[in-house]
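Breakdown of the fold
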Amino acid sequence: MKKNSARLELSKEAMKSYGYQIVDAIVEHHDTQREKLPVALGSREEMDSLFLEEAPEQGSDPTQVLNFVLEKVMTTSTLMSHPKSYSFVPGPSNYISAMADALATGYNIFSGGWAASPAAAELEIVTIQWLLKIFGFPKKKGGGIFTSGGSMANLTAITTARRIKCGTDFSKAVIYLSDQAHSSNIKAIRVLGFKKEQIRIIPTDIEFKFSVNKLKNCIAKDRLEGLHPFCLIATSGTTNTGTVDPLVELGKICKKEDIWFHIDGAYGAAAILSQKGKQLLKGIEKADSLTVDPHKWFYQPYEMGCLLVRNHKNLSHTFTEKPEYLRDIEGNTSEINFYDHGIQLTRRFRALKFYISLKTFGLKEFRDAITYNIDLAEEVESNLRKSKYWEVVFPATLAVINFRYHPIEKNYTEKELDAINQYISQKVVASRKALLVTTLLHGQVVLRMCLINPRTTLDDIKETFDLCENFAMERELQRYT
């Protein structure tokens with residue numbers, strides 16, 4: 001037989017050289033990120049002109065390919081970990097975890113079952129236990145699983161709730177969430193086959209919190225109509241405003257009504273490590289399931305979500321399958337196969353980056369960073385209230401602040417204010433100097449900052465407001481010319 005030369009390998013020296021180039025590039029990026037423009041812009045036509053080609057039949061020099069990627073791909077991607085990336089929920093990340101991800105990928109660890117990677121499974125057990133303790137969940141009875149992100153964690157939670165509360169018949173099942181719940185929950189509900197008539201979107205109050213009275217009325221009405229209320233989704237840290245729903249009250253309702261209590265804390269739940277956050281999140285420990293995304297406020301690289309549950313058996317009872325090709329690797333009951341606790345069979349080794357970064361920095365540094373983020377947002381709010389140009393639309397909550405340009409000496413209409421704030425956002429993004437976009441609160445166009453990056457400073461924010469004010473004045477000049 002002819003010797004196979006298609007081994008997809010480099011020599012040892014070539015691998016070292018290639019690896020050093022990548023590490024050097026990542027280190028340089030982390031070291032100089034502040035000096036870069038955070039926003040990437042590019043049309044489909046521009047991207048096609050850079051990258052569109054047929055798959056090459058013959059290979060190219062590895063360094064040439066790498067340099068092309070560094071020059072064209074990495075420079076044309078928005079930097080979510082940049083200090084001036086304020087929009088959506090940023091991904092601050094950290095270098096240690098990035099290197100841990102490289103290790104997990106480099107060794108190509110399969111983190112689905114115990115037999116394949118006992119150490120990987122054990123580290124997921126250990127780090128899940130760390131999170132169970134942080135959130136006050138039962139350490140022995142509780143459990144969880146790392147996912148790609150909050151979307152998959154919420155889908156896993158609702159699937160589990162349906163199985164535990166409804167069995168195989170969910171034709172009369174009803175699920176409740178607020179109008180501020182994250183869109184991933186609606187997506188998950190649709191994926192699971194629920195009809196529109198089975199979804200109850202409860203209006204929030206003036207502070208964007210779940211309206212308890214409206215919820216009680218809705219549950220009572222559904223029961224009278226012979227329906228089956230089975231799950232309630234609360235939010236600890238809404239994306240729009242950082243608002244935390246009344247978790248204690250909602251938990252009591254769910255217990256009384258025998259409803260699965262899921263809390264989506266994808267971004268905000270991590271605030272429990274700070275004193276102010278702990279007060280706001282009181283009642284989170286009563287959830288049947290909790291979503292938290294370490295790739296947000298636990299400063300991990302993408303992708304890393306997490307679902308915690310009060311009873312780990314609820315996961316295994318929902319997702320365990322026993323195909324014949326896995327019969328030799330089941331192990332004993334203490335050896336967890338995480339493919340039995342969620343949707344994925346093939347899973348990457350997500351726990352490693354969380355484990356290494358917590359071991360390296362210590363929980364105190366994470367706690368201090370989260371506290372800094374919350375204090376920074378409150379300082380921004382204080383400064384805005386002292387300005388004659390800006391109006392705080394919703395106060396700083398879990399490091400989110402909403403505001404709009406509204407100079408006191410100008411008699412702008414609401415329509416004009418909407419237009420000028422939209423203009424400010426568009427111009428800031430177009431300048432590429434900051435990622436600052438709008439949202440809608442009570443029908444008003446407002447600017448929103450999510451300040452969960454520990455490397456964002458007050459000077460960064462002051463520079464951004466100076467930029468905003470310059471664009472606002474530019475807009476005013478256009479109005480009168």
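Below or above, wherever it landed, is the structure these notes cover. What you are looking at is a predicted structure, and each value in this text was computed from that prediction instead of being measured. (Residues numbered from 1 in each chain as written. Predicted model: local features only at pLDDT ≥ 70, side-chain atom pairs only at ≥ 80, totals over all residues. Heavy atoms only, no water.)

For strand β8 (residues 390–397) and strand β9 (residues 400–405), the ladder comprises 5 bridges, and the chain directions are antiparallel. Looking at β9, one finds that Val 392 is bridged to Phe 403. Connecting β8 to the next strand, β9, in antiparallel fashion are 2 residues, including Leu 398 with a positive phi near 50°. (Pairing = 2+ DSSP bridges. Helix = DSSP H or I, 4+ residues; strand = E, 2+ residues; numbered from the N terminus.)

It is worth spelling out the sheet that holds strand β2 (residues 173–178) at this point. Paired through their backbone hydrogen bonds, the strands of a sheet run either parallel or antiparallel. Read across the open sheet, the 7 strands follow the order β1-β7-β6-β5-β4-β2-β3; overall the sheet is mixed. Here the strands that pair on one side only, and so sit at the sheet edges, are β1 (143–147) and β3 (199–202). Between one strand axis and the next, the sheet turns by 20° as a mean value, whatever way the strands run. Note: strand β5 (residues 260–264) against strand β6 (residues 289–292), 3 bridges, orientation parallel. Paired with Asp 264 across the strands is Thr 291, a residue of β6. Contacting β1, β2, β4 (228–235), β5, β6 and β7 (305–309), helix α6 (residues 150–166) runs over the sheet at an angle of about 155° to β4. Contacts between helix α9 (residues 247–257) and the sheet are confined to β4 and β5, with β5 contributing the most and set at about 155° to the helix. (Axes fitted to C-alpha atoms, helices over the stretch in contact; angles between N-to-C directions. Contact = heavy atoms within 4.5 Å.)

A word on the environment of Tyr 176. Checked against the element boundaries, Tyr 176 lands in strand β2. Judged by relative accessible area, Tyr 176 falls into the buried class, the value being 0%. Counting along the chain gives 26 residues from Tyr 176 to Ile 202, while the straight-line C-alpha distance between them is 7.0 Å. Look past the residues within four positions of Tyr 176 in its chain and what remains in contact with it is Arg 200, Ile 202, Phe 210, Leu 215, Cys 218, Ile 219, Asp 222, Pro 229, Cys 231, Leu 232 and Ile 233. (Buried < 20%, exposed > 50% of the residue type's maximum accessible area, 1.4 Å probe, protein only.)

Let us now look at the environment of Thr 76. Relative to the helices and strands, Thr 76 resides in the loop between α3 (62–73) and α4 (95–106). With relative accessibility at 25%, the residue Thr 76 sits in the partly exposed group. When the C-alpha positions of Thr 76 and Gly 42 are compared, they lie 7.5 Å apart, and in sequence the two are 34 residues distant. Not counting the four nearest positions on each side in its chain, Thr 76 is found in contact with Ala 40, Leu 41 and Met 47. Separated by 2.6 Å, the side chain of Thr 76 and the backbone oxygen of Lys 72 make a polar contact. (Polar contact = N/O pair within 3.5 Å; in protein donor to acceptor, adjacent residues only side chain to side chain.)

Spatial ordering of the open sheet is given by β8-β9-β11-β10, a layout of 4 strands whose pairing is antiparallel. Whereas interior strands pair on both sides, the edge strands pair on one side only; in this sheet they are β8 and β10 (438–441). Sheet twist, expressed as the average angle between the axes of neighbouring strands with direction ignored, equals 35°. Judged from the 4 bridges that link them, β9 and strand β11 (residues 444–450) form a sheet pairing that is antiparallel. The residue of β11 that forms the bridge with Asn 402 is Arg 448. Most of the contacts of helix α13 (residues 363–385) go to β8, to which it runs at about 160°, and overall it touches β8 and β9.

Looking now at a nonpolar patch on the surface. Judged by side-chain polarity, Leu 50, Phe 51, Phe 68, Leu 70, Val 73 and Met 74 come together as a nonpolar surface patch covering roughly 450 Å² of accessible area. Counting residues per element, the ones that place at least two in the nonpolar patch are α2 (44–51) and α3. The dominant element in the nonpolar patch, judged by the number of residues it contributes, is α3, at 3 residues. (Patch = residues over 30% accessible without salt bridge, like charges linked within 9 Å, V, L, I, M, F, W, Y side chains within 5 Å. Areas by Shrake-Rupley, 256 points an atom, 1.4 Å probe, with all protein chains shown as cover. Salt bridge = Lys/Arg side-chain N within 4 Å of Asp/Glu carboxyl O.)

The subject of this paragraph is the packing of aromatic side chains. Inspection of every chain in the model, using the stated rule, returns 14 aromatic pairs. Relative to Phe 354, the ring of Phe 298 lies with its centre 5.7 Å away and its plane at 80°, an arrangement referred to as edge-to-face. Here Phe 298 is found in the loop between β6 and β7, whereas its partner Phe 354 is found in helix α12 (residues 351–361), with 56 residues between them in sequence. Owing to a relative accessible area of 1%, Phe 298 belongs among the buried residues under this scheme. When the ring of Trp 390 is compared with that of Phe 403, the centres are 5.7 Å apart and the planes differ by 80°; the resulting orientation is edge-to-face. Placement of Trp 390 in strand β8 and of Phe 403 in strand β9 is noted, with a sequence separation of 13 residues between them. Using a relative accessible area of 6% as the deciding quantity, one classes Trp 390 as buried. Owing to a relative accessible area of 0%, Phe 403 belongs among the buried residues under this scheme. Site record: aromatic cluster; members linked through ring pairs are Tyr 389, Trp 390, Phe 403, Tyr 405 and Phe 465. (Phe/Tyr/Trp six-rings, centres within 6.5 Å; stacked < 30°, edge-to-face > 60°.)

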